[in-house]
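Overview (structure and organization)
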Amino acid sequence: MKKTLIRGGKIVSSSGTIETDVLISVNKEIEELKPKINPPKNAEVIEAAGRLIYPLLIDCHVHFREPGMEYKATMESESAAALNGGIGTVCEMPNTIPPTVTVVALADKVRRAAKIDGLNIKFFFGVTEPAHLQELRNLWTGDSLEHRRLRRHCPGVKLFMDHSTGDLRAEGDVIASVFETCAELKIPLVAHCEDPETNAEAKKSVTATDIGAHALLRPPESEVRALEKALAFTAKYSVSLHIAHLSTREGAELVRSAKNDGLKVTCEVTPHHLFFTSDDYSDLGTFIKVNPAIAGVEHRDALWQAVLDGTVDCIASDHAPHTLQEKRNTEPLKAPSGIPGMELMLPLLLTAAAGRWPHPRSKPPPAFGLKYQDIFRLCFENPNRIFGLGCEAIQKTKPARLIIVDPKKEFTVTPVALHGKSGWTPYEAWQLTGKVESVFQ
Ligand code: DOR
Ligand code: ZN
């Protein structure tokens, strides 16, 4: 084994980008960090002028399908997608078969994840009924070595306020109990905000069966109603609430004012809600069928605004692989909801940071864009803090888990070049600017 010297790159952190050489020891730790390190004898030298160096990033919302739906994806298949996309830590959702609603189910996932090289996989706990709350309490308060070990792999609780893939909606009183328990035990709570009554009402009145009807069947008001409910519980119980995949203008406004009121609320947006609008259903069909639904252009524009003004804390992919065959259902509204997006999340964000709008068929929002350090904040620093993930930034003596990114590299998205199991992407043929060049894991 040789030492590695990464020379002339710029390390990105929340305070900006600073040109720094990085010397990595033979046991893959950061040995030295300063400008102009002399290459030690026999070191491999990587010339990184013009490149950015990030710690391996965090995607705090993914679905890996294992156990139970390995035909869609597995921890192993999706770990290749993660690492190639510059992601080194993910938080996986509980809607597998069986769902992660018991200590035993969590232990099974943790055992499987131990065999996966390079990717750190954490698992959210799901709750749909009182028995699962008891399991959660055992997990969080048990002081056996096993309970303590498993807790380290669980970043919090995921609450579905309406059904989505996997039908994990928490019913009636259970929702309030989830907020109360998470507040008492200080567990981060993530909410998928869609309101079952609003969605059920929409179902009565929508008769269209084309794919565009998905946005009418799961309308923006649905997120707004559920969000109002969730924020009211947050105020009542003083829980730390994280809103998953915020998707509407009014939703962003509610989160902004809840933050101004001092509530402990954070939120994430997905690349698909930042880059697509309901105008895309005609071209992309079920490829952009997702919950919450892709909505009108005013929502996309408001989400960018919320990213730019700091209302949005994290960008997460909500990577949700389904097979091509499932997506090609002849009845489009019956195709499963979900978009695989983890591997392209960073290139999409780098493209926006380069000032380019990557969607080949839509006009850019009036305001969009990011600084390279925003990507660090949204995809590393904030999710790391919110979920207590313990990921290390690039520091001397710490493990060298980092990526070298060429922010100017142009490439065209082709599904065969992607590593996840599903083999398709709604971003096919997009020209992106910014690519992961090397991964140290
Ligand atoms: O579109 C979605 N797909 N939304 C979800 O909430 C779940 C996800 C999935 O697991 O496929
Ligand atoms: Zn999800």
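Let me begin by describing the structure that accompanies this report. (Residues numbered from 1 in each chain as written. Chains lettered and ligands numbered in written order. Predicted model: local features only at pLDDT ≥ 70, side-chain atom pairs only at ≥ 80, totals over all residues. Heavy atoms only, no water.)

Six octahedral donors around a metal ideally subtend angles of 90 or 180 degrees, whereas four tetrahedral donors ideally subtend 109.5 degrees. Around the zinc ion (ligand 2), the protein contributes the donor atoms H61 (NE2), H63 (NE2) and D318 (OD), which lie 2.0 to 2.2 Å from the metal centre. All donor residues of the zinc ion (ligand 2) come from one chain, and their arrangement in sequence is H-x1-H-x254-D. Pair noted here: H63 is in the loop between β8 (57–62) and α1 (75–84) and D318 is in the loop between β16 (314–315) and α13 (324–327), with a separation of 255 residues, a long-range link. In this structure, H63 and D318 share a single accessibility class: buried. (Donors = N, O, S within 2.8 Å, 3.2 Å for Na, K, Ca; no water. Helix = DSSP H or I, 4+ residues; strand = E, 2+ residues; numbered from the N terminus. Buried < 20%, exposed > 50% of the residue type's maximum accessible area, 1.4 Å probe, protein only.)

We now examine the state of the cysteines. Using the criterion set out here, one finds zero disulfides in the structure. As a non-bridged cysteine, C91 has C60 as the owner of its nearest cysteine sulfur, 5.9 Å distant. Residue classification places C91 among the buried positions, given a relative accessible area of 0%. Summary of cysteine pairing: C182 is not part of a disulfide, and the nearest cysteine sulfur, belonging to C154, is at 9.4 Å. (Disulfide = S-S within 2.5 Å.)

As a further point, take the pairing of strand β1 (residues 4–7). Taken together, the four bridges between β1 and strand β6 (residues 44–47) define a ladder with parallel strand orientation. Note on β6: the bridge partner recorded for T4 is E44. Note that β1 and strand β4 (residues 21–24) share three bridges and pair antiparallel. What sits directly across from T4, in β4, is I24. (Pairing = 2+ DSSP bridges.)

Considering all chains together, one arrives at 28 salt bridges under this definition. Residue E32 is joined to K396 by a salt bridge in which the shortest nitrogen-to-oxygen separation is 3.3 Å. With a gap of 364 residues between them, E32 in strand β5 (residues 30–34) and K396 in the loop between α15 (372–386) and β17 (402–412) connect regions that are remote in the sequence. Look at K396 and you get partly exposed, because its relative accessible area is 43%. When the shortest N-O distance is used, the salt bridge between E184 and R137 registers 2.9 Å. A residue pair is termed long-range when its members are at least 10 positions apart, and E184 in helix α5 (residues 172–185) and R137 in helix α3 (residues 130–141) qualify at 47 residues. (Salt bridge = Lys/Arg side-chain N within 4 Å of Asp/Glu carboxyl O.)

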